[in-house]
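Working through the structure, step by step
Each chain, letter by letter, is given below.
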Amino acid sequence: MPDFITDAILLRKIEYGDHDYIISFLTESRGKISVIAKNAKKSIKRFSGALDLFSVSNIQCTFPKKNKNGLIILSGADLENGFVNIRYDVFNTAYASFWVELIHYWLEEDKVQSDLYDLLKFSLDALNEGNISKEVVSLLFQIRFMSISGFSPNIENCEICKKSLDHIEQKHIRFDFKEGRIICQNCVKIGSKYGMTISKGTLKQLFWINNNDISRADRIRFSKFAIKEGEMLLEAFIPFHIGRDFKSLQFLRRIRQER
Ligand SMILES: [Zn+2]
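Since the model is a prediction, treat every value here as computed from it, not as a measurement. Residue numbers restart at each chain and count upward from 1, following the sequence in its written direction. Totals for whole chains, interfaces and linings use every residue, but because this is a predicted model, local features are given only for residues with pLDDT of at least 70 and side-chain atom pairs only at 80 or more, for both listing and counting. As a convention, hydrogens and water are excluded, and side-chain values are obtained from all of the structure's heavy atoms.

Here's the deal with the coordination of the zinc ion
Distances up to 2.8 Å from the metal define which N, O and S atoms are donors, and 3.2 Å serves for Na, K and Ca; water is absent from the atom set, so sites may look incomplete. Within the protein, the atoms that donate to the zinc ion are Cys158 (SG), Cys161 (SG), Cys184 (SG) and Cys187 (SG), at distances of 2.3 to 2.4 Å. Metal-centred angles of 104 to 117° between the 4 donor atoms at the zinc ion mark the site as tetrahedral. Taken in sequence order, the residues that donate to the zinc ion follow the motif C-x2-C-x22-C-x2-C. With Cys161 in the loop between helix H4 (134-148) and strand E6 (172-176) and Cys187 in the loop between strand E7 (181-183) and strand E8 (195-199), this residue pair connects regions lying 26 residues apart in the sequence. Classification of Cys187 by relative accessible area gives buried; the value is 9%. Here the metal geometry follows the donor angles, with tetrahedral for four donors whose angles all fall between 85 and 135 degrees, square planar for four and octahedral for six when opposite donors are more than 155 degrees apart and every other angle is between 65 and 115, and irregular for all the rest. Helical segments are the DSSP runs of H or I of at least four residues, strand segments are the runs of E of at least two, and each set is numbered from the N terminus. Three exposure classes are used, based on accessible area relative to the maximum for each residue type with a 1.4 Å probe and protein chains only: buried under 20%, partly exposed in between, and exposed over 50%.

In structure tokens, the structure reads:
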């Protein structure tokens, strides 16, 4: 009998000794957990397909009996979605890898984050189904990740004069990385040097995908320019705030350049 069963998304898998893997999952009911999958390298059948990066599985776990401080043991895993359309596409894989690396790095263990689980699951499903462009799914994931993580970037009104985005006359607005806030051109001299200038249209679209019902995300149409600007903003702002650049993000930038 397992001690608990939950749906989980695989964030990271590392080899441990000759036979085992240590795996980090983002679970639906328990937040991020680390488990040991004993003999998983040998008996591939037991976990068939369920131990691949970013796959969703129903996992069965038991607490260690002898060593109370030992790792939770993964006793079984039933694959629910292996996301084949992500796995066989290098761009899709790069995006999904970035999202799971970000969550793995940022999230503490055993802190329940069901909204983050739902966001990652929604983003992987959307990427796999392809009904929303991968670039837009990634913008949606990143802006919502920032909100859930408590960084809550304010793209609603100027940080200093409080004028709302709709009422700011200028077409270009400064986004301050340190504060995570927009600052209109009238107030910009007071702002810090960390940040970038971004067009009002892009900010409005980012605001929309952050605040509207996620199930309506397929209705938003981003122009190529807005996608590019949104990527530049979020893919710089997130590493700035977290204080780390991500390998998967570097890989994503490289393959974009090669295309
Ligand atoms: Zn202002």
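Notes on the sheet that holds strand E3 (residues 31-37)
Strands qualify as paired when DSSP identifies two bridges or more between them. If you walk around this closed barrel you meet the 5 strands as E1-E2-E3-E5-E4, and the pairing is mixed. Neighbouring strand axes in the sheet, compared pairwise and without regard to direction, differ in orientation by 50° on average. Of the strand pairs in this sheet, strand E4 (residues 56-62) and strand E5 (residues 72-81) are connected by 7 bridges, and their pairing is antiparallel. Residue pairing across strands places Thr62 opposite Ile73, the latter belonging to E5. Sitting on the sheet, helix H2 (residues 90-106) touches strand E1 (4-16), strand E2 (20-27) and E3, and the angle it makes with E1 is about 95°. Set on the sheet, helix H3 (residues 114-129) makes contact with E1, E2, E4 and E5; between it and E1 the angle comes to about 75°. All axes are obtained by fitting lines to C-alpha atoms, using only the stretch in contact for helices, and the reported angles, taken between N-to-C directions, cover 0 to 180 degrees. We call two residues contacting when some pair of their heavy atoms lies within 4.5 Å.

Let's talk about the domain arrangement of the protein
Residue ranges assigned to the domains are those given by an automatic or database domain assignment. Domain boundaries assigned for the protein yield domain 1 (4-82) and domain 2 (87-258). Once you take the C-alpha centre of each, domain 1 and domain 2 turn out to be 30 Å apart. Of the roughly 1,900 Å² buried between domain 1 and domain 2 on both sides combined, carbon and sulfur atoms contribute 61%. What gets called buried area is simply the loss in accessible area from a 1.4 Å probe that two parts show on being joined, summed for both. The largest contributions to the domain 1 side of the interface with domain 2 come from Leu26, Lys32 and Phe54, which together make up 37% of the buried area. Counted as salt bridges are all cases of a side-chain nitrogen of Lys or Arg within 4 Å of a carboxyl oxygen of Asp or Glu. Linking domain 1 with domain 2 are 0 salt bridges, by the criterion used here. Pairs of N or O atoms within 3.5 Å make up the polar contacts considered here, provided that, within protein, one atom can donate a hydrogen while the other can accept it, and that residues adjacent in sequence are counted only when both atoms are side-chain atoms. The interface formed by domain 1 and domain 2 holds 7 residue pairs in polar contact (both at pLDDT 80 or more) in total.

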